[in-house]
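Chain and residue survey
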Amino acid sequence: MSKTAGSPKVANLNDLLAVAYQIETDAVERYNLLADQMETHNNAELVKVFRDLARAEGIHGEEIRRLSGDFDVIAHARQIAKFERGESPEEAELGSAHYLMTPWHALQLSLAGEERALAYFKSIVETAKDQKVKDMAAELVEEEAEHVNLVHRLLRRYPQPSESWAEDLDPPVPQE
Amino acid sequence: MSTVDTRVARKPAEYKSDINPIWCPGCGDYHVLMSFTRAFAQLGLPPEQIVVVSGIGCSSRIPAYTNCYGFHGVHGRSLALAAGLKVTRPDLTVVVASGDGDGYSIGGNHFLHACRRNIDMTYVVMDNHIYGMTKGQPSPTTETGFDTALSPGGTRVRPFHPLVVALASGANFIARCFSGEPNETAAVLVEATKHPGFSFVEILSPCVTFRPDEKKWKDLVHPAPVTATTDPGKAARRIMTDDGFNLGILYRGNREPFQPAVGATNIDLSELEKDFEL
């Protein structure tokens, strides 16, 4: 099912800020969860990548909170920002995690999330009736586009691993 | 369930313990844990009013990862433990976690009688159609043609149908969820917990290590095309004929939960003990 299926209704600027805040918060939760998994499985390089990604998303969340001024964006997010039959667009796919995955794989997960978030905010720009919502969504599109570029730049540091990246000389599967 | 405390808005993180799960990366059970904490936060119950009881297996590790009271019991006996707890402490909200091996094989008989007794608790089975912790033996829900070194030529045994068995045995609420949809699963868990009597929630939770083919479940699952029925006959027909990937609440019964009055017998324990004196 699509990750943006059943997206919350954005009727005004406060709704948009709440949804944007929730998207960033969910992304932080997910990256930290992936970092925890990698910590358990002694993949220190990935722990760092996922913690850095969580930190970056946390900063974006705080920026949205600052933009919201006196408005309680957290409480509003809790009320309206529910993505039914799917999850927040920026959340990395937990099911794609692997104990031998490399930073390249982590960044692929991140890239997919950023691209989904970009598409989500673009769809709001296209469909919003309220000009303030349109303008803010356009700003968020710019921001997400920057994130996509950033991940692409990071990917230059981590080339795609060879096809045998998941090869384990002592695999857990005994069935062959 | 216990009375919901609506005064405090709670966050899922409040229900998560400091212990990092040791499931395989990508395991569906991570999502189930997420659904648990989201559901508990939505219910607004203080962690100390919830008890998570489990048996043995990957899924049964879950009590340690929550901040609620927990009991990691013996293999297949989680429902017996939970029933004892709920009968003596009806004020607590009891959630039981199990897997398809623990719940349907070793604990299969307890499953039948827990449904029959209809004690007010929620039974969550994380079904991955395999014994994951012990490295990939077929479980009661493994497909007939699952052909591996541990089941050469396939199991050649028809898989167990837990939802049908639950319905026939008297479960008062039956739902199927997919771990990859934690928000939807959390919503079902909230409903299951609020529903009086024995609520059974099967969560399809892929085992990425021993059943990598289950990754395709996310493309197979779909919402049930009809809303939950209160008619067991209709529910039986629907559950028997669906494709196994129908998600949502499938049956809401209206049987009275079984709850014996605690301490109402006026039996003096010291009198009973006399019979056992040496």
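What you see is a predicted model, and the numbers here were worked out from it, not measured in a lab.

Let's shift gears to the overall build of chain B. For chain B, the helix and strand inventory stands at 10 helices and 8 strands. Taking 278 residues into account, the globule formula puts the C-alpha radius of gyration at 19 Å, and chain B, at 19 Å, falls close to it. In terms of principal-axis extent, the alpha carbons of chain B reach across some 60 × 50 × 40 Å. Each of the 278 residues in chain B was classed as buried or not, and the buried ones make up 51%. Partitioning the intrachain contacts of chain B with sequence separation of at least 6 by distance along the chain shows that 70% fall at a separation of at least 24.

Of the residues lining the interface, 25 residues belong to chain B; the matching set on chain A comes to 24 residues. Elements with a minimum of two residues in the side of chain B that touches chain A: helix H1 (29-43) and helix H7 (182-194) of chain B. Sorting elements by how many residues they give to the side of chain B that touches chain A places H7(B) first, with 3 residues. The residue inventory of the side of chain B that touches chain A, partitioned by class, reads 12 nonpolar, 8 polar and 5 charged.

Let's shift gears to helix H2 (residues 44-67) of chain A. Residue and element names in this part refer to chain A. With 24 residues, H2 extends 35 Å from end C-alpha to end C-alpha; this agrees with the ideal 34 Å at 1.5 Å per step. Looking only at H2, the buried set comprises Leu46, Val49, Phe50, Leu53, Glu57, His60, Gly61 and Ile64. Its buried side turned inward, H2 meets helix H1 (13-40), helix H3 (73-80) and helix H4 (103-127). Residue Gly69 follows H2 closely and has a positive phi angle near 60 degrees.

This part is about the packing of helix H5 (residues 108-117) of chain B against helix H6 (residues 162-169) of chain B. Residue and element names in this part refer to chain B. Between H5 and H6, the shortest axis-to-axis distance is 8 Å and the interhelical angle comes to 45 degrees. Taken together, the axes of H5 and H6 lie oblique to each other. Here the hand of the crossing between H5 and H6 comes out right-handed. Across the interface between the two elements, Leu112, Cys115 and Arg116 of H5 pack against Val165, Ala166 and Ser169 of H6. Per-class residue counts for the contact of H5 with H6 are 4 nonpolar, 1 polar and 1 charged.

With that out of the way, let us pick up the environment of B:Pro25. Residue and element names in this part refer to chain B. Tracing the backbone shows Pro25 in the segment before H1. Of the residues examined, Pro25 has 24 C-beta atoms within 10 Å and is grouped as buried. Expressed as a C-alpha distance, the spacing of Pro25 and Phe71, which sit 46 residues apart in the sequence, is 25 Å.

Let us look at the pairing of strand S1 (residues 50-54) of chain B. Sheet faces and side chains relate simply in a regular strand, where the side chains alternate between the two faces. All names here are of chain B. For S1, a buried count of 5 out of 5 residues is recorded, marking the element as mostly surrounded by other parts of the structure. As judged from the 5 bridges shared by S1 and strand S3 (residues 93-99), these two strands associate in the parallel manner. Bridge pairing in S3 links Ile50 to Thr93. Sheet analysis places S1 next to strand S2 (residues 69-72), joined by 4 bridges and oriented parallel. Along S2, the bridge assignment pairs Val51 with Tyr69.

This part covers unusual backbone geometry. Keep in mind that most residues, glycine aside, have a negative phi and that most peptide bonds are trans. All names here are of chain B. A positive phi is found at Asn118, a non-glycine position, where the angle reads about 65 degrees. A count of 22 C-beta atoms within 10 Å places Asn118 in the buried class. The phi torsion at Arg156 lies on the positive side, around 60 degrees, for a residue other than glycine. Inspection of the secondary structure puts Arg156 in the loop between strand S4 (121-127) and H6.

Counting 114 residues, the largest nonpolar core has A:Leu16, B:Val96 and B:Ile174 as its most contacted members. The biggest single contributor to this core is H1(A), with 15 residues. Every residue in contact with B:Val96, bar those within four places of it in the chain, is listed here: B:Val53, B:Ser78, B:Leu79, B:Ala82, B:Met121, B:Thr122, B:Tyr123 and B:Val124.

Our focus in this paragraph is the pairing of strand S5 (residues 173-178) of chain B. All names here are of chain B. Counting buried positions along S5 gives 6 out of 6 residues, so the element sits mostly inside the fold. Bridge count between S5 and strand S6 (residues 198-204): 6 bridges; the pairing is parallel. Note that in S6 the partner of Ile174 across the bridge is Phe200. The parallel pair S5 and S6, bridged by H7, forms a crossover whose chirality is right-handed. Relative to strand S8 (residues 246-252), S5 runs antiparallel, the two sharing 4 bridges. Counted as the bridge partner of Ile174 is Tyr251 from S8.

Before going further, it helps to examine H1(B). Residue and element names in this part refer to chain B. With 15 residues, H1 should reach 21 Å at 1.5 Å per residue; the first-to-last C-alpha distance of 21 Å fits that figure. Of all 15 residues making up H1, 13 are buried, and the element is well covered by its neighbours. Looking one or two residues beyond H1, the residue adopting positive phi is Gly44, at roughly 70 degrees.

Our focus in this paragraph is the packing of H6(B) against helix H9 (residues 232-241) of chain B. Residue and element names in this part refer to chain B. Where H6 contacts H9, the two axes come as close as 9 Å, and the packing angle between them is 165 degrees. When the interaxial angle is binned, H6 and H9 end up roughly antiparallel. Here H6 runs over H9; the crossing is left-handed. Of H9, the residues touching H6 (which contributes Leu163, Val164 and Leu167) are Pro232, Ala235, Ala236, Ile239 and Met240.

Here is what the cut-offs are and how they apply
Residues numbered from 1 in each chain as written. Chains lettered and ligands numbered in written order. Predicted model: local features only at pLDDT ≥ 70, side-chain atom pairs only at ≥ 80, totals over all residues. Helix = DSSP H or I, 4+ residues; strand = E, 2+ residues; numbered from the N terminus. Rg over C-alpha atoms; globule rule 2.2 N^0.38 Å. Buried ≥ 20, exposed ≤ 12 C-beta atoms within 10 Å, placed from the backbone. Contact = placed C-beta atoms within 7 Å. Nonpolar A, V, L, I, M, F, W, Y, C, P; charged D, E, K, R; others polar. Expected span 1.5 Å × (residues − 1). Axes fitted to C-alpha atoms, helices over the stretch in contact; angles between N-to-C directions. Parallel < 35°, antiparallel > 145°, perpendicular 65-115°, else oblique. Left-handed = near helix turned anticlockwise from the far one by under 90°. Pairing = 2+ DSSP bridges. Core = buried A, V, L, I, M, F, W, Y, C linked by C-beta atoms within 7 Å. Right-handed = clockwise from strand over helix to strand, strands pointing away.

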